[in-house]
Amino acid sequence: MYRRPLLQRLDLPSVAVFRARQLGDMLCAVPALRALRAAMPRARIALVGLPWARQFADRFHAYVDEFIAFPGHPLLSEQPAPQDALTHFYTSVCLRQFALALQLHGSGDVSNDIVGGFGAQAMAGFCRGAPVVRNGTVLFPYPDVGAEPERLLSLMAQLGAPSTGAHLEFPLSRDDEDEWRDTGLGESLVPGEYLCIHPGARKRDTCWPAHLFAQVGDCLASEFGLQVVLTGDADDAGLTADVANRMRHTPLDASAALSTGALAVLLRDARLLVCNDTEVSHIAAGLGLKSIVVFGTADIARWAPLDRHTHRCIWDPAAERVHVVLQHARALLSGTAPSRQRSVGMWPYW
């Protein structure tokens, strides 16, 4: 007998959404959160995530009503946590008696046990193997292929949420604008007349070499008359200095000086971003900024931005394809189509 999807047959006043990841991964979940809000416009939606993600919940207040800090877990690489912290966390969450706990963290190998401890009336998410439908629990097989936003949206679709698009977002606030203005860095920049290079990444050993970023910066500065702006966090200061020292053109080094929101304001007015596979590429996707994203060891099919025209993803683990990066950067800056010479099996990537 046909049964309507979970979100269409239950009146759910409250939902706890679990996703305990870093910024780039969180941004990939925005389409799923948007679909959830469309399905449950009156429900109170709480995001359960790593402590840093309070700022993420604030930025996406259209989809999230409150934030609950998750201390971490011994089996999650993102942030281990002692048992006493977890005990206190579970006690406080169970007292909330959420109507639904939604596991948006991944395949559920570890996270299903975590979310199962929330004490919610119902639970939904992904699992390995066959689907599970029993005792208020609905789990669907985890898709091992596809881009991350699409994987999460497939869960929302099976739960009965309407389609609201797979595009990313990155809303900017007045505080972001004020923080960027207060740095004073924008005084020497003209919107549309600079490009950003972000040479760092959370995993430093996967970064494209500094001399190649410098080469790309110099070539594009010469050919298009653009100012080069180097971006990064406090840990990237040495790396951006290395890139700057290798360049003939003098770049503006904005590393370590910007909050995430101020960085996004800087990116919004740029002509192009060149970066590694890291969170800044997802910010660019949310802003609609053209970008070149160089991949080394990460799953390119999972983490590449969905718009393959605006965002060109280059597979270069051996750091030998700077000519391809320049080819696509020139195409994006000039508005022309690049030649279609790709490696075997790499479509739709370059």
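Taking an unreviewed UniProt entry as the reference, the protein chain is identified by name as Glycosyltransferase family 9 protein belonging to Massilia pinisoli.

Engineer: Pulling in residues and values, what's your account of the pairing of strand E7 (residues 137-141)?
Structural biologist: Where burial is concerned, most of E7 is hidden: four out of the five residues are buried. Sheet analysis places strand E5 (residues 122-127) next to E7, joined by five bridges and oriented parallel. Residue pairing in the sheet places Phe-126 in a bridge with Phe-140 of E7. Sheet topology places strand E6 (residues 132-134) next to E7; three bridges connect them, and they run antiparallel.

Engineer: Which residues make up the environment of Pro-209, and what values do they have?
Structural biologist: On the secondary structure map, Pro-209 appears in the loop between strand E8 (194-198) and helix H9 (210-224). Residue classification places Pro-209 among the partly exposed positions, given a relative accessible area of 25%. In the structure, Pro-209 is positioned 125 residues away from Asp-84 in sequence and 42 Å away in space, judged by C-alpha atoms.

Engineer: I'd like a rundown of the packing of helix H11 (residues 260-268) against helix H12 (residues 279-287), residues and numbers included.
Structural biologist: Following both chains from N to C, one finds H11 and H12 inclined at 55 degrees, their axes separated by 10 Å at the closest point. On the basis of their axis angle, the class for H11 and H12 is oblique. Read as a crossing pair, H11 and H12 show a hand that is right-handed. Mapping the contact onto sequence places Thr-260, Leu-263, Ala-264, Leu-267 and Arg-268 in H11 and Val-280, Ile-283 and Leu-287 in H12.

Engineer: Just give me the short version of the sheet that holds E7, but keep the residues and values in it.
Structural biologist: In space, the seven strands of this open sheet follow the order E3-E2-E1-E4-E5-E7-E6, with mixed pairing throughout. Each edge of the open sheet carries a strand with a single partner, namely strand E3 (66-69) and E6. Neighbouring strand axes in the sheet, compared pairwise and without regard to direction, differ in orientation by 20 degrees on average. Its contacts with the sheet place helix H5 (residues 83-96) against strand E2 (44-49) and E3, and it is angled at close to 150 degrees to E3. Strand contacts of helix H7 (residues 148-159): strand E4 (100-103), E5 and E7, with the helix running at about 140 degrees to E5, the strand carrying the most contacts.

Engineer: Give me H7: which residues, what numbers.
Structural biologist: An α-helix turns once every 3.6 residues. As a result, residues three or four positions apart point the same way. Look at H7: 17 Å from first C-alpha to last across twelve residues, which is about the 16 Å you get at 1.5 Å a residue. Turning to H7, its buried residues are Glu-148, Pro-149, Arg-151, Leu-152, Leu-153, Leu-155, Met-156 and Leu-159. Lining the buried residues of H7 we find helix H1 (6-9), helix H3 (30-39), E4, E5, E7 and helix H13 (300-303). In the segment just after H7, Gly-160 is the residue with positive phi, at about 105 degrees.

Engineer: Break down unusual backbone geometry for me, citing the residues and quoting the values.
Structural biologist: Among all residues save glycine, negative phi is the norm, and among peptide bonds the norm is trans. If you check the backbone angles, Gln-97 has positive phi at about 50 degrees while not being a glycine. Mapped onto the elements of the fold, Gln-97 is located in the loop between H5 and E4.

Engineer: Could you give an account of the nonpolar core, with specific residues and numbers?
Structural biologist: The biggest cluster of nonpolar side chains holds 71 residues, and the ones touching the most others in it are Phe-56, Leu-102 and Leu-266. Broken down by element, this core gets its largest block of residues, six residues, from H11. Contacts of Leu-266, omitting those with residues within four sequence positions, involve Trp-180, Leu-189, Tyr-194, Cys-196, Val-229, Thr-231, Ala-254 and Leu-258. Counting residues in each nonpolar core, the second largest holds 29 residues, with Ile-197, Leu-220, Leu-226 and Val-325 among its members.

Conventions used here
Residues numbered from 1 in each chain as written. Predicted model: local features only at pLDDT ≥ 70, side-chain atom pairs only at ≥ 80, totals over all residues. Heavy atoms only, no water. Buried < 20%, exposed > 50% of the residue type's maximum accessible area, 1.4 Å probe, protein only. Helix = DSSP H or I, 4+ residues; strand = E, 2+ residues; numbered from the N terminus. Pairing = 2+ DSSP bridges. Axes fitted to C-alpha atoms, helices over the stretch in contact; angles between N-to-C directions. Parallel < 35°, antiparallel > 145°, perpendicular 65-115°, else oblique. Left-handed = near helix turned anticlockwise from the far one by under 90°. Contact = heavy atoms within 4.5 Å. Expected span 1.5 Å × (residues − 1). Core = buried A, V, L, I, M, F, W, Y, C linked by side-chain atoms within 4.5 Å.

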